[in-house]
Amino acid sequence: MHWPPIKKIPEALTPQPHLVDYDQTCANFSWEDVLRELDGSEGSAGLNIAHLAVDRHADGPLSAHLALRWLGGDGTTIDFSYRDLQEESNRFANLLDQLGVGKGDTVFCFTDRIPALYFAALGAWKNLSVFCPLFSAFGPEAVYQRMQRGDAKVLVTTSRLYQQKIAALRKRLPKLAHVLLADVAEDLQEGVWSLPGQMAAVSSSFTLPPTDPEDIALLHFTSGTTGMPKGALHAHKAVLTHYITGRYVLDFHGDDIFWCTADPGWVTGISYGIIAPLVCGVTNIIDAEEFDAERWYNILESEKVTIWYTSPTAVRRLMCLDIKPLEIFDLHHLRAIHSVGEPLNPEAVLWGQNVLGLPIHDNWWQTETGGIMIANYLALEIRPGSMGRPLPGIEAAVVRRVDDSAEIIEDVEVQGELGLRPGWPSMFRGYLHEEDRYTKCFAGDYYLTGDLVRRDADGYFWFVGRADDIIKTAGHLVSPFEVESLLMTHPAVAEAGVIGKPNAMLGELVKAFVAVKPDITADDQLRLELIGFTRRLLGPAIAPREIEFKAHLPKNKAGKIMRRLLKAREMGLPLGDISTLELEGNNKK
Ligand code: AMP
């Protein structure tokens, strides 16, 4: 079906978007100009993210401006001005110094969306340590894999999460020297401290050390098809991308009230749930609660949200409810809606237009790119179903990998892999301890994203699918390998193969195929047991929702389970090349 474009009249938009003439902006764009704009003062803290996000505002006219409003589940609201954020992050930076945690050390944070998370991130950047967020719904095994790989030295968490998921791991994490509990008033024991208690005992003044733009600021774990989660490293310089996408894509203006619904356990919740809005000096709303349609519409209304950044899964959840929000809620403050993380179906773009009075602007990026790379801009025509056009300063192409080089596919409407020419500031600087894996992401002049796309004659990019087996469920990347590895530790499991099964609401759901050991009965009780086992140890965001028992799983001649084949069979698609398929039980297929 062909979806007509949504035409825009830039002059009719108030305020005038920062990006109106796309071609002109691209032609005149240089990252050096952005650098000059942000890093004016020689000998200062330079490109430190926390300096740009907080201190320069706190020391200037935005000092008393509302930086962050936290909405608790019980109706509590806590406000933090830029000055408040400066003081809280200074305290956290001082605390890290006092604990002997410094440049390059990893500070993990495993909490729900609570204020301490935001102080910890900003404070860690101030003291030049590396901040690593973990999604609070992860189970202990998922947490362990990441903290162990990330050489965790400090962990900020809460007493519930500590008792339920961390305490038993301590022996396996010998490098973890300090745990800071955000919700207790007294220290528990040596090495398990009360965060508020410790914060109260240190100064709220802090002198930022000079920051090299290449100093590492962030470690984000993301999923691969093979191997365990990989830790993508980002430098302080990434802030240039956050700033410019805050202006050109999200279109922040001084009085904006912004709500990004992503959890900081994932990259969007850090780049756009913390950094971009603060660097651009707007008000950032944080909701502690999970998705709830009525609550969300209430927040949009009562907080007078002007710019909303959410996900296709959330939009689809709203779409399937029989609510006409504009008849119930006053959403006239809202002037833009953006979405990221998975394909945004054209129906969703139009649903926004018809039901909320605003189309939804899709944009594309991934953990490795650190910030938005391709977007639908406020002043430009939207092509429903398209991810939009590359950010000024980003060279995107449809490419084909040929050995070590990338051949550009010049023809339009031809499918290939999305390639980005390296050099943008928020490009990841490596995978922690995995140089090889990093090198393999590049071919010729391009970083290869692993996404299949096509480009139309006007330069709009259209998402086709992943080039690999990685699963995207409810906007979260899941590594089939991580799920398979855990399943294999269960005494009943002989083999496991995990795929993403298309699902109208979640995009994909995690489905596992399991062959059991001899003498084990594959029945509903075992299925429930395995689902419970994976949910407990990996968490509900990763665990399979469906398990199907098979006598044998298809393998190639090297003995590797062919997920591609499991998926094709699941979807009733042609099986493709099966020349490498080895014996599958007794049937050679
Ligand atoms: P993550 O690294 O977890 O942010 O996931 C990045 C992946 O999500 C991308 O490589 C895409 O496969 C998918 N993705 C992100 N944004 C979009 C989008 N707008 N349309 C389609 N897929 C997307």
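Calculation notes
- Residues numbered from 1 in each chain as written.
- Predicted model: local features only at pLDDT ≥ 70, side-chain atom pairs only at ≥ 80, totals over all residues.
- Heavy atoms only, no water.
- Pairing = 2+ DSSP bridges.
- Helix = DSSP H or I, 4+ residues; strand = E, 2+ residues; numbered from the N terminus.
- Contact = heavy atoms within 4.5 Å.
- Axes fitted to C-alpha atoms, helices over the stretch in contact; angles between N-to-C directions.
- Buried < 20%, exposed > 50% of the residue type's maximum accessible area, 1.4 Å probe, protein only.
- Core = buried A, V, L, I, M, F, W, Y, C linked by side-chain atoms within 4.5 Å.
- Arc of directions from axis to C-beta.
- Salt bridge = Lys/Arg side-chain N within 4 Å of Asp/Glu carboxyl O.
- Near = heavy atom within 4 Å.
- Polar contact = N/O pair within 3.5 Å; in protein donor to acceptor, adjacent residues only side chain to side chain.
- Areas by Shrake-Rupley, 256 points an atom, 1.4 Å probe, with all protein chains shown as cover.
- Nonpolar A, V, L, I, M, F, W, Y, C, P; charged D, E, K, R; others polar.
- Domains from an automatic or database assignment.
- Buried area = accessible area lost by both parts, 1.4 Å probe.
- Parallel < 35°, antiparallel > 145°, perpendicular 65-115°, else oblique.
- Left-handed = near helix turned anticlockwise from the far one by under 90°.

## Regarding the sheet that holds strand S1 (residues 66–71)
- A sheet is described by the order of its strands in space; here 9 strands give the open sequence S2-S1-S11-S10-S12-S13-S14-S15-S16, paired in mixed fashion. The sheet is open, and its two edges are formed by strand S2 (77–81) and strand S16 (389–390), each paired on a single side.
- The sheet contact formed by strand S15 (residues 374–375) and S16 spans 2 bridges and is antiparallel. Its bridge partner lying in S16, Ala-375 is registered against Arg-389.
- Relative to strand S14 (residues 360–364), helix H14 (residues 346–356) is tilted by about 150°, and along the sheet it contacts strand S12 (307–310), strand S13 (336–339) and S14.

## With respect to the environment of Arg-172
- Looking at where Arg-172 falls in the secondary structure, it is placed in the loop between helix H7 (159–166) and strand S6 (178–181).
- On the basis of relative accessible area, Arg-172 is assigned to the partly exposed category, the value being 39%.
- Remark: the alpha-carbon pair of Arg-172 and Glu-548, spanning 376 residues in sequence, is separated by 33 Å.
- Sequence-distant contacts of Arg-172, defined by excluding residues within four places in its chain, comprise Glu-141 and Tyr-144.

## Considerations on the pairing of strand S18 (residues 405–408)
- Taken together, the 4 bridges between strand S17 (residues 396–402) and S18 define a ladder with antiparallel strand orientation. Bridge assignment links Val-399 to a residue of S18, and that residue is Ile-408.
- Connecting the antiparallel pair S17 and S18 is a turn made up of 2 residues, with Asp-403 showing a positive phi of about 50°.

## Concerning the nonpolar core
- Grouped together as the largest cluster of nonpolar side chains are 103 residues, with contacts concentrated most on Trp-125 and Phe-131.
- With 9 residues, helix H5 (residues 115–126) is the single largest residue contributor to this core.
- Val-130, Ala-142, Val-184 and Val-192 belong to the second-largest nonpolar core, a separate cluster that totals 50 residues.

## So, the environment of Pro-540
- Tracing the backbone through its elements, the reader meets Pro-540 in the loop between helix H17 (524–538) and strand S28 (546–549).
- With 167 residues separating them in the primary sequence, Pro-540 and Met-373 have C-alpha atoms 29 Å apart.
- Sequence-distant contacts of Pro-540, defined by excluding residues within four places in its chain, comprise Ala-137 and Arg-535.

## Thoughts on helix H11 (residues 293–302)
- Taken residue by residue, H11 has Ala-293, Trp-296, Tyr-297, Ile-299 and Leu-300 as its buried positions. Along H11, the residues classed as buried sweep out an arc of 155° about the axis, all on the same side.
- Just past H11, the residue Lys-304 takes up positive phi, approximately 55°.

## A few points about the pattern of salt bridges
- Applying the stated criterion across every chain yields a total of 41 salt bridges.
- Taking the shortest distance from any N to any O, the salt bridge between Lys-511 and Glu-548 comes out at 2.6 Å. Note that Lys-511 is positioned in strand S27 (residues 507–516) and Glu-548 in strand S28, a separation of 37 residues in sequence.
- A relative accessible area of 4% places Lys-511 in the buried class.

## What to know about the site of the ligand
- By nearness alone, 18 residues border the ligand, and Asp-362, Asn-363, Thr-367, Asp-451 and Lys-472 come closest of all.
- Thr-367 places a side-chain nitrogen or oxygen 2.5 Å from an oxygen atom of the ligand.
- A distance of 2.9 Å separates an oxygen atom of the ligand from a polar side-chain atom of Asp-451.
- Considering the ligand on its own, with 500 Å² of exposed area, one finds that the protein chains cover 95% of that surface.
- For the shell around the ligand, the secondary structure elements donating two or more residues are S14 and strand S23 (461–466).
- Ranked by residue count, the leading element in the shell around the ligand is S14, at 3 residues.
- Tallied by class, the residues present in the shell around the ligand amount to 8 nonpolar, 5 polar and 5 charged.

## Focus on helix H2 (residues 31–38)
- Those residues of H2 that fall on the buried side of the exposure criterion are Trp-31, Val-34 and Leu-38. Buried residues in H2, looked at end-on, bunch into an arc of 55°, giving them a common side.
- Those residues of H2 hidden inside the fold are in contact with helix H3 (49–58), helix H9 (239–248) and helix H10 (267–279).

## With respect to the domain arrangement of the protein
- As assigned here, the protein comprises domain 1 (84–231) and domain 2 (469–571).
- A C-alpha centroid distance of 32 Å is found between domain 1 and domain 2.
- Each partner contributes to the interface: domain 1 provides 16 residues, whereas domain 2 provides 19 residues.
- Buried surface at the junction of domain 1 and domain 2, both sides included, amounts to about 1,300 Å², of which 65% is carbon and sulfur.
- Scanning the region where domain 1 abuts domain 2 turns up 1 salt bridge.
- Here Arg-146 makes a salt bridge to Glu-482, at a shortest N to O gap of 2.8 Å.
- At the junction of domain 1 with domain 2, the criterion picks out 6 residue pairs in polar contact (both at pLDDT 80 or more).
- Examining the composition of the side of domain 1 that touches domain 2, we find that 4 residues originate from one element, helix H6 (residues 140–149), more than from any other.
- Each residue belonging to the side of domain 1 that touches domain 2 can be placed in one class, and the counts come to 7 nonpolar, 7 polar and 2 charged.

## Section: unusual backbone geometry
- Here the bond from Thr-14 into Pro-15 is cis, since omega is -10°, no more than 30 degrees from zero.
- Its location among the elements puts Pro-15 in the segment before helix H1 (22–28).
- For Asp-251, which is not glycine, the phi torsion reads 65° and is therefore positive.
- Within the element layout of this structure, Asp-251 appears in the loop between H9 and strand S10 (257–260).
- For Asp-251, a relative accessible area of 1% gives the class buried.
- Unlike most non-glycine residues, Asp-403 shows phi in positive territory, near 50°.
- Secondary-structure assignment places Asp-403 in the loop between S17 and S18.
- Overall, Asp-403 belongs to the exposed group, its relative accessible area being 67%.

## Considering the packing of H3 against helix H4 (residues 82–98)
- Contact pair H3 / H4: the axes reach a minimum separation of 8 Å and the direction vectors enclose 120°. Taken as axis vectors, H3 and H4 run oblique relative to one another. Considering the relative orientation of H3 and H4, their crossing is left-handed. Listed contacts from H4 to Ala-53, Val-54, Asp-55, His-57 and Ala-58 of H3 are Tyr-82, Arg-83, Leu-85 and Gln-86.

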